[in-house]
Amino acid sequence: MQRHRLPLSQLRAFEAAARHRSFKQAADELAVTPASISHQVRELEGWLGVALFERRTRRVVPTEAATTLYPVLREGFDAFAETLERLRERTAPASVTLSCTPAFASQWLLPRLADFHATHPDIDLRIHASEATLDLSRGACLAIRYGMGPYPEYEALELAADRIALVANPSLALAGIEDLQNVRHIDFDWYCPSLGLPTWASWCQAAGGVPSRLGPRLAFSDESHAIQAAIAGQGVALLGLTLVQDELARGVLAVPFGPSLPGLRYHLLRSRETRGNATLDRVAAWLKEAFATASAPVSGG
C-alpha cells in the first residue's frame, strides 16, 4: 500500500476514540465536534471494510479489528510525538534559571548581563532573585550562594572569597575612626545572622580603636538599598567589596580608612543530576570567568 494513500486524519480520530472509548472525549482532545469524529471513524470503517466500534448509549466499544489496529497506531503516534519533541528541543533556545540574592542580581549580575547575552545569544536566562533557596533538582538551574560551605548535597564551585570593609561616599571626607561619631551607620538584615560576618564592634576593634559613640543608625531589610544609601552619602556601611567593586572603580564609593576583614565565599551550586548538561556548563564557565576577570577592589587601609 502506498503511504500517500493512508487516511491519516481518520486514523488519528480513531486512535483518540479508541483510547478514550468515547467520541466526545476524542472530539475534546482534537478540538472538533463528536459528529466529526463519528464521521471520520465511519470513513475509516468504509475504507477498511470492517466495523471498528459497537455504538452503544453514551459509549462505544472497540471491536476485535479495533483492538488489533489500536496498539499499532498508539505506538506509532507516541513515536512521532517523541521524535518531534526532540527536534523542537534542538531548535528552541536553551533556558537556564539562575538563583541569587536580590543584591547580587542588581549589583554584580545586572551590569554584566550585556556581556553574557553577547557571548551566549542562544541561551534564555531567567534570574530568580530571592533570599529563598531554589530547588535545583527541577530543570536547568544554577544558584549563587554566599557562605563558607561545604554544600555536600550539591556540586559546588568556589567563585571568589569576599572581603568586608568600611565604605562611604567620598564627599563625606572621612579621615579616621572618630569621624564615625558624626555620620549615620548604615545596616541591613543579613539573610543568615549566624554566618559570623564582621560587626561594627569587631571592625572598630580591628581598626585599632572604638569611638566614644557611633552616629545614628539607618537600617534596611535589603542589602542593595543599603548600598544605594551609601552611594547617596546617607552614611557609612560595612559592605562586601565584591558587590560594590564597580562603584569603587567609578569613585562613587570609597574605602576611606581601616582594614578589610574576611567575608564569606561565593559558590556556584548545581544538582549532581545535571552533570553533563552542556548549557549549564556554558553558563557556569561564563560566571567563573566573569568572577576571575572582575577587578577586585583593594581596601584603602
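Thresholds, definitions, all that
Residues numbered from 1 in each chain as written. Predicted model: local features only at pLDDT ≥ 70, side-chain atom pairs only at ≥ 80, totals over all residues. Heavy atoms only, no water. Pairing = 2+ DSSP bridges. Helix = DSSP H or I, 4+ residues; strand = E, 2+ residues; numbered from the N terminus. Axes fitted to C-alpha atoms, helices over the stretch in contact; angles between N-to-C directions. Contact = heavy atoms within 4.5 Å. Phe/Tyr/Trp six-rings, centres within 6.5 Å; stacked < 30°, edge-to-face > 60°. Buried < 20%, exposed > 50% of the residue type's maximum accessible area, 1.4 Å probe, protein only. Disulfide = S-S within 2.5 Å. Patch = residues over 30% accessible without salt bridge, like charges linked within 9 Å, V, L, I, M, F, W, Y side chains within 5 Å. Areas by Shrake-Rupley, 256 points an atom, 1.4 Å probe, with all protein chains shown as cover. Salt bridge = Lys/Arg side-chain N within 4 Å of Asp/Glu carboxyl O. Core = buried A, V, L, I, M, F, W, Y, C linked by side-chain atoms within 4.5 Å. pLDDT = per-residue confidence, 0-100. Expected span 1.5 Å × (residues − 1). Arc of directions from axis to C-beta. Polar contact = N/O pair within 3.5 Å; in protein donor to acceptor, adjacent residues only side chain to side chain.

1. Some remarks on the sheet that holds strand β5 (residues 141-147)
The eight strands are arranged β4-β3-β5-β10-β6-β9-β7-β8 in an open sheet whose pairing can be described as mixed. Where the open sheet ends on each side, the last strands, each with one partner, are β4 (123-129) and β8 (217-220). Averaged over all pairs of adjacent strands, the angle between strand axes in this sheet comes to 25 degrees, irrespective of strand direction. In this structure, β5 lies alongside strand β10 (residues 260-270), joined through five bridges in antiparallel fashion. Within β10, the residue paired with A143 across the bridge is L269. Packing against the sheet, helix α5 (residues 102-109) makes contact with β3 (94-100), β4, β5 and β10, and its axis sits at approximately 110 degrees to β3.

2. Topic: the packing of aromatic side chains
Counting across every chain of the model gives eleven aromatic pairs. With 5.6 Å between their ring centres and 50 degrees between their planes, F14 and F53 make a pair best called tilted. With F14 in helix α1 (residues 8-20) and F53 in strand β1 (residues 53-56), this residue pair connects regions lying 39 residues apart in the sequence. Taken as a pair, F14 and F53 share a single burial class, namely buried. On the numbers, 4.4 Å between centres and 20 degrees between planes, the contact of W108 with F291 is stacked. Residue W108 is found in helix α5, and its partner F291 is found in helix α10 (residues 278-293); the two are separated by 183 residues along the sequence. For the pair W108 and F291, a shared accessibility class is recorded, and that class is buried.

3. Describing the state of the cysteines
Throughout the structure, instances matching the rule amount to zero disulfides. Of all cysteine sulfurs in the structure, the one in C100 sits closest to C141, which takes part in no disulfide; the separation is 13 Å.

4. A word on a nonpolar patch on the surface
On the surface, a cluster of nonpolar side chains totalling about 440 Å² of accessible area is made up of L6, L8, W47, L48 and V50. You can see L6 is positioned in the segment before α1. Residue L6 is classed as partly exposed on the basis of its relative accessible area, which comes to 35%.

5. Brief notes about the nonpolar core
Ranked by internal contacts, the top residues of the largest apolar core, which has 59 residues, are F104 and I144. The element that contributes the greatest number of residues to this core is α10, accounting for seven residues. Excluding its chain neighbours within four sequence positions, the residues that come into contact with I144 are L98, S99, C100, F104, L159, Y266, H267, L268 and L287. Counting residues in hydrophobic clusters, the runner-up holds 19 residues, among them L11, F14, A18 and A66.

6. Describing the confidence of the model for the chain
On average, residues of the chain score 89 in pLDDT, and 93% of them are at 70 or above. Note on residues 296-301: pLDDT under 50 across the span, and eleven contacts to partners over four residues away in sequence or across chains.

7. As for α1
Note that an α-helix has 3.6 residues per turn; residues three or four places apart therefore point the same way. Helix length check: α1, at 13 residues, gives a terminal C-alpha distance of 18 Å against a target of 18 Å (1.5 Å per residue), a fit within 8%. In the segment just after α1, R21 is the residue with positive phi, at about 55 degrees.

8. Some points on α10
End to end, α10 covers 22 Å across 16 residues, agreeing with the expected 22 Å (1.5 Å per residue, within 8%). Buried within α10 are the following residues: T279, L280, V283, A284, W286, L287, A290 and F291. Angularly, the buried residues of α10 cover 160 degrees about the axis, an arc narrow enough to put them on a single face. In α10, the exposed positions that point more than 90 degrees away from the buried face belong to A278, E289, A292 and T293. Regarding α10, its N-cap is N277, as a side-chain oxygen of that residue lies 3.0 Å from the backbone nitrogen of T279 further along.

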